[in-house]
Every structure is written in C-alpha cells, then in structure tokens.
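# Observations on the three-dimensional arrangement
Residue strings, one per chain:
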Amino acid sequence: MKGILTERPRKEILTKDDIAYMMDPSVLKLDTTIHDVEHMVDVCKKYGCGTCFCWPCYYEELVELLEDAEVTKFGTSLGFPTGQEKTETKVFLANQFNALEPATNDMSMNVGWLKAGRYDLVLNDIKAVREATPGVPLKVIMEVMLLTDDEIRKACELSIEGGADYVKTGSGFSVGQPTTLHHVKVIADTIGDRAKLKVAGGVRDLDTLLKMYKLGACRFGIGCASAEAILAEVDAMGGSVDLNSIVIDESEL
Ligand SMILES: O=C[C@H](O)COP(=O)(O)O
C-alpha cells in the first residue's frame, strides 16, 4: 500500500488490530532471504501491521509484494544499522529510495559523533536527510542501549532540532541489550509532544510492549518472529487488552 505512515488515536482498550497496526515487523538479519521478506509480508497483510522493513536490496520486491496490502506500507533504513556512513551516503540513499515512495524513513544517528560531542555533525547529518525526504515521516535511531541518560536527552534534542518526526530507540543490532522501560521514560520525559516515540530493539513480549505504550511509545519495531509471538499472546488474552490492567512498578523505571 502507498501513502505515508500515520498514527491512530491512543486508546485505553487495545484490540489485536490496534496492536498489530503499531507494529513494524522487520527481517534484518545478515542472512535474510527473499523468502523471509515474503513471509513477513504475509504476516503484515494477515494482521494489518503499520509498516515493515527489510534490507535495501529487497525494496523493489517488497513494494511489489505490498501492492495489494490493505494496511501495510514500507519504510526505508538509511545508514542502518551503524549510522556511521558519510552524510552524503545517507542522502544519496534517501534520494534513490524516494522513487519508491516509502511511507517513512528510519535513519541511524551517528552515535560515535554524539558520544564525542560532535553535535554539529550529528545535527547536520539529520538535517541533510530531513531535507532529502520532504513530507515523509522521519525517524532517528539513537541506539539508547549504548548511551547514558544525558546522551539520550541530547540525542532527542538533536533529533528534534534536525526535523525528526519520531525518535527511535534502537536498531536491534545491540544484541543482548534491549530497550528498557527506563529508556522509554527518559525519552518520553524529554520529548513531550514534540516528537513521537518508536521503540525497537529487544521487544519480546506483550507486557513490555504495553508498558512502553503506557509510557508514551506509539510504534514498535520488532523482528518478524517476535511480532508474531506477541500477537499470539493477544489472542491468548481474548483478542484485546485493557491498559488499566497493566501496572508499571516504580522499580521498573
Ligand atoms: O526494527 C528494528 C529491529 O528490527 C528490531 O529487531 P529485534 O526485534 O530483533 O530487536
């Protein structure tokens, strides 16, 4: 399906359809095949996931596979997952992918520049991609599991100043270091309503997803197999979840 990514209004009772729509399944392993992409598209069409992601070599095929999708659109990754491409390379890729009319673009921040305090470079990197992708929701991936709280706050500010519509927590490549509720709280407190929040990296169960939603996240990048498992959990709960039943303990933050 073509068109840009939009978010649905927040709700107290989330149906399986609501949860699926907030999911961005991905197949982003070093040995991803076209068969993995085809399976992901089947899953997305079946459940109505918002957008989906794979490696750039499959984008043309992904667009074709999604042609008859009623809900699911596709997103690109720019400088993913390291963020340490040259800015010109990210812009070149953005210009190439624009022709495919992505619903959203997820760019990786250059975390090395951030950690070294080279904020002008980080900002220019984001601004350059922003300028190359007018009118399309831009997410900036911060890789929060590698950052201190102060670095996360700075990364959020630079992303917003650079024109990001969303800040996104991770790539999924910091294996064994998931996004935590603490990360989500720090980001939500920093951005307020100035940007939207996508969580990605290590979301493995429904309880975590719902707690993160309660804290302010609205979109979840999840490996396809984990996304299917989480949707099966919704089934096991009768097909919907009342958020009032989800309690976040202070100690989790
Ligand atoms: O969207 C980003 C990643 O694909 C999330 O991967 P993960 O669910 O394996 O952490």
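One structure accompanies this document, and this report is about it. All values reported here derive from a predicted model rather than from experimental measurement. (Residues numbered from 1 in each chain as written. Predicted model: local features only at pLDDT ≥ 70, side-chain atom pairs only at ≥ 80, totals over all residues. Heavy atoms only, no water.)

With that out of the way, let us pick up the overall build of the chain. On a plain count of helices and strands, the chain comes out with 10 helices and 10 strands. For the chain, whose C-alpha radius of gyration is 17 Å, the value lies close to the compact-globule estimate of 18 Å for 253 residues. Structurally, the chain occupies a C-alpha span of about 50 × 45 × 30 Å along its principal axes. Within the chain, buried positions represent 54% of all 253 residues. (Helix = DSSP H or I, 4+ residues; strand = E, 2+ residues; numbered from the N terminus. Rg over C-alpha atoms; globule rule 2.2 N^0.38 Å. Buried < 20%, exposed > 50% of the residue type's maximum accessible area, 1.4 Å probe, protein only.)

So, about the site of the ligand. Close contacts around the ligand come from Ser 26, Leu 28, Lys 168, Ser 171, Gly 172, Ala 200, Gly 201, Gly 202, Arg 204, Gly 221, Ile 222 and Gly 223, and that covers them all. A distance of 2.8 Å is found between an oxygen atom of the ligand and a backbone nitrogen or oxygen belonging to Gly 223. When the free accessible area of the ligand is taken as 310 Å², the share hidden by the protein chains comes to 94%. When residues of the shell around the ligand are assigned to their parent elements, the largest contribution, three residues, is made by strand β9 (residues 219–223). For the shell around the ligand, the residue count by class is three nonpolar, seven polar and two charged. (Near = heavy atom within 4 Å. Polar contact = N/O pair within 3.5 Å; in protein donor to acceptor, adjacent residues only side chain to side chain. Areas by Shrake-Rupley, 256 points an atom, 1.4 Å probe, with all protein chains shown as cover. Nonpolar A, V, L, I, M, F, W, Y, C, P; charged D, E, K, R; others polar.)

With that out of the way, let us pick up the environment of Val 167. With respect to the secondary-structure elements, Val 167 resides in strand β7 (residues 166–168). Of the residues examined, Val 167 reaches a relative accessible area of 0% and is grouped as buried. Considering only alpha carbons, one finds Val 167 and Arg 204, 37 residues apart in sequence, at a separation of 20 Å.

It is worth spelling out the packing of helix α4 (residues 87–98) against helix α6 (residues 119–132) at this point. Between α4 and α6, the least distance of the axes is 9 Å, while the angle of their chain directions is 20 degrees. As far as their axial angle goes, α6 and α4 are roughly parallel. As for how α4 packs across α6, the hand of that crossing is right-handed. Side by side, α4 and α6 meet where Thr 87, Lys 90, Val 91, Ala 94, Asn 95 and Asn 98 of the first sit next to Asn 124, Asp 125, Ala 128, Val 129 and Ala 132 of the second. Its residues placed into classes, the contact of α4 with α6 shows five nonpolar, four polar and two charged. (Axes fitted to C-alpha atoms, helices over the stretch in contact; angles between N-to-C directions. Parallel < 35°, antiparallel > 145°, perpendicular 65-115°, else oblique. Left-handed = near helix turned anticlockwise from the far one by under 90°. Contact = heavy atoms within 4.5 Å.)

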